Amino acid sequence: MSISTVTNLNRRTLFKAAGLTALAGIAACSTVSVPTGEGAGVSSSATTTLAGIRASAALPALTPDTQLEQAALQQAGYMASRERMSHTTGWGKDFASRMKDNGVRGAAAENIAEGRFDQQKLFDIWMHSDGHRRNMLDPDFSRFGLAYVRDGRDPALRYWALVLGR
């Protein structure tokens, strides 16, 4: 084999490896992943609590929705993996683009939280926050998804996300 043949083979191998690496990076951007630590979609357990909150404002109850729960679980997982609360992901996905990627159409809102508290305390905190309360009492919403992911280093710490939609 000549030196130029070996050089061409090495270039081809390098280009193939670079192409596969780029494809893997692009695929990772669209993949929903949950980090180390227990994750849970808990929408059904929040149905009664949210119904009570909305009934106090003469609004109909919200229906748990698996699509919204998946979007909530994705965001809770992202926050747990980064150990911080945020409505935007590190790969540049804001709330609107995340909803679109999850197939959520129409008006939507998101409440997030981080802490060592249970679901009842979570809703108490949100009810004492104007913006969070406004989201939960928005008459345009009829569905919701609630999820949390435990911090992999501190099992008492949870990252919560509530996604509301039409």
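Not measured: the values here are computed from a predicted model.

(A) Summary view of the overall build of the chain. Counting its secondary structure elements, the chain contains six helices and five strands. Put simply, the chain runs from its N terminus to its C terminus through helices and strands in the order α-β-α-β-α-α-β-α-α-β-β. Taken across its 166 residues, the chain has 37% of its residues classed as buried. In the chain, of all internal contacts separated by at least 6 residues, the share reaching a separation of at least 24 is 69%. In the form shown here, the chain has an accessible surface area of approximately 9100 Å², with 56% of it arising from carbon and sulfur atoms.

(B) Structural detail: helix α2 (residues 43-55). Between its first and last C-alpha atoms α2 spans 18 Å; for 13 residues at 1.5 Å apiece the expected length is 18 Å, and the two agree. If you look at α2, its biggest bend is around 30°, right at threonine 49. Those residues of α2 lying buried are Ser43, Ala46, Thr49, Leu50, Ile53 and Arg54.

(C) The pairing of strand β3 (residues 108-115), seen in detail. Among the eight residues in β3, six count as buried, and that is most of the element. Across eight bridges, β3 lies against strand β5 (residues 158-165) in antiparallel orientation. Pairing of glycine 115 across the sheet is with arginine 158, part of β5.

(D) Structural context of the pattern of salt bridges. The full count for this structure, using the stated rule, is seven salt bridges. The salt bridge involving arginine 153 is made with glutamate 83; its shortest N-O contact spans 2.4 Å. With a gap of 70 residues between them, arginine 153 in the loop between β4 (143-150) and β5 and glutamate 83 in the loop between α3 (66-82) and α4 (95-101) connect regions that are remote in the sequence. The partner of aspartate 151 in a salt bridge is arginine 153, and the shortest N-O contact between them spans 3.4 Å. Judged by relative accessible area, which is 6%, aspartate 151 ranks as buried. In this structure, a network of salt bridges that share partners links the residues Glu83, Asp151 and Arg153.

(E) Main features of the packing of aromatic side chains. Tallied over the full model, the rule gives two aromatic pairs. On the numbers, 5.6 Å between centres and 85° between planes, the contact of phenylalanine 123 with tryptophan 126 is edge-to-face. Taken together, the residues phenylalanine 123 and tryptophan 126, both in helix α5 (residues 119-127) and three residues apart, mark about one turn of the helix. Taken as a pair, phenylalanine 123 and tryptophan 126 share a single burial class, namely buried. Arranged with centres 5.0 Å apart and planes meeting at 50°, the rings of tyrosine 148 and tryptophan 160 form a pair that is tilted. Here the residue tyrosine 148 occupies a position in strand β4, and tryptophan 160 occupies one in strand β5, the gap between them amounting to 12 residues.

Scoring rules and cut-offs
Residues numbered from 1 in each chain as written. Predicted model: local features only at pLDDT ≥ 70, side-chain atom pairs only at ≥ 80, totals over all residues. Heavy atoms only, no water. Helix = DSSP H or I, 4+ residues; strand = E, 2+ residues; numbered from the N terminus. Buried < 20%, exposed > 50% of the residue type's maximum accessible area, 1.4 Å probe, protein only. Contact = heavy atoms within 4.5 Å. Areas by Shrake-Rupley, 256 points an atom, 1.4 Å probe, with all protein chains shown as cover. Expected span 1.5 Å × (residues − 1). Bend = angle between axes of the 7 residues up to and from the residue. Pairing = 2+ DSSP bridges. Salt bridge = Lys/Arg side-chain N within 4 Å of Asp/Glu carboxyl O. Phe/Tyr/Trp six-rings, centres within 6.5 Å; stacked < 30°, edge-to-face > 60°.

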